[in-house]
Amino acid sequence: MKKIGSQATIAIDGPAGSGKSTVARRIAERLGLLYLDSGAMYRAVTLLAIRSELAADSPELLEQVKACHIKFEDNGKTILLNAEDVSVQIRTPAVNRRVADVAKIPEIRHEIVKHQQRIGGEGSIIAEGRDLTTIVFPNADFKFYLDASVTERAKRRLAELQRQNVDITLAAVEAEISDRDEKDKTRAHSPLRAADDAIRVDTTDKTINEVVDFIIAQVCEDEIG
Ligand code: DC
């Protein structure tokens, strides 16, 4: 029997726009778990690269990554990079375009994964990203793989960008998501894939609440059973 109250880990992986961030955030609130947005950490180090005009594979960037402090506040809503709130800056199109190239560098991943595992040791957690069920928390108590069609994922991302007044077409968002999918799934190190023991959830025709309820039902059923 797994206990959500003690030291349990729920890990969720899936491609961009599959709904995992929103779902994980809501589950964290409902079950009182720590929420770890692992993509935000790769985005933060991408911001370091952009600001310092460093190539993803440069030794200088790796040094900056090793020396930087990344901290979450407000249960994952705010991310601090060297004490600066970069929650908005990490979501810009410039970061979207560069992040997959930074995230494919094994030495950078190594640093970020160590940091994520430290956070995971702090208590019960729900963590989401691309390699949480396979590399970061291979022994997670619960594993889920969320997916949805590319068009549906692009529509969701477009709605999010329009709320931030970003002027972009559906076709451009779809192209950006497809490009990122390809990079995330085919990279040599820790590619996005569903762990063999992950429960797959197709969110294309599901609301956020339906997915949240489904995952909570799985977790609670296991806790009781
Ligand atoms: O989930 P997101 O869109 O914020 O993730 C941004 C990028 O970071 C994504 O293109 C792939 C990378 N990423 C990763 O390689 N491993 C993770 N665990 C999370 C994100």
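To be clear, the structure that these remarks concern was listed above.
Residues numbered from 1 in each chain as written. Predicted model: local features only at pLDDT ≥ 70, side-chain atom pairs only at ≥ 80, totals over all residues. Heavy atoms only, no water.

Colleague: How do you make sense of the pattern of salt bridges when you look at a structure like this?
Modeller: Oppositely charged side chains may form a pair once their charged atoms are brought near each other. Using the criterion set out here, one finds 17 salt bridges in the structure. Residue E152 pairs with R156 through a salt bridge whose shortest N-O separation is 3.0 Å. Of this pair, E152 and R156 are both found in helix 7 (residues 150-163), four residues apart, which corresponds to roughly one turn of the helix. Given the relative accessible area of 22%, E152 is considered partly exposed. Under the relative-accessibility criterion, R156 is labelled partly exposed at 22%. Ionic contacts of the salt-bridge type, sharing partners, join the residues D101, K104, D179 and K183 into one network. (Salt bridge = Lys/Arg side-chain N within 4 Å of Asp/Glu carboxyl O. Helix = DSSP H or I, 4+ residues; strand = E, 2+ residues; numbered from the N terminus. Buried < 20%, exposed > 50% of the residue type's maximum accessible area, 1.4 Å probe, protein only.)

Colleague: So what exactly am I meant to see when it comes to the site of the ligand here?
Modeller: Not every one of the 16 residues close to the ligand is listed here, only the nearest: R43, R109, D131, R180 and R187. For the ligand, an oxygen atom lies 2.7 Å from a polar atom in the side chain of R43. Within the side chain of R187, one N or O atom sits 2.8 Å away from an oxygen atom of the ligand. Elements represented by at least two residues in the shell around the ligand include exactly helix 2 (38-52), helix 4 (93-103) and helix 8 (170-186). The element that contributes the greatest number of residues to the shell around the ligand is helix 2, accounting for four residues. Of the residues belonging to the shell around the ligand, the class tally is four nonpolar, three polar and nine charged. (Near = heavy atom within 4 Å. Polar contact = N/O pair within 3.5 Å; in protein donor to acceptor, adjacent residues only side chain to side chain. Nonpolar A, V, L, I, M, F, W, Y, C, P; charged D, E, K, R; others polar.)

Colleague: Explain the packing of aromatic side chains here, please?
Modeller: In this description, a pair of aromatic rings is defined by centroid distance and the angle of the planes. Counted according to the given criterion, the structure contains zero aromatic pairs. When the ring centre of Y145 is taken as origin, the NZ or CZ atom of R200, which lies over that ring, is 5.6 Å away. (Phe/Tyr/Trp six-rings, centres within 6.5 Å; stacked < 30°, edge-to-face > 60°. Lys NZ or Arg CZ within 6 Å of the ring centre and 35° of its normal.)

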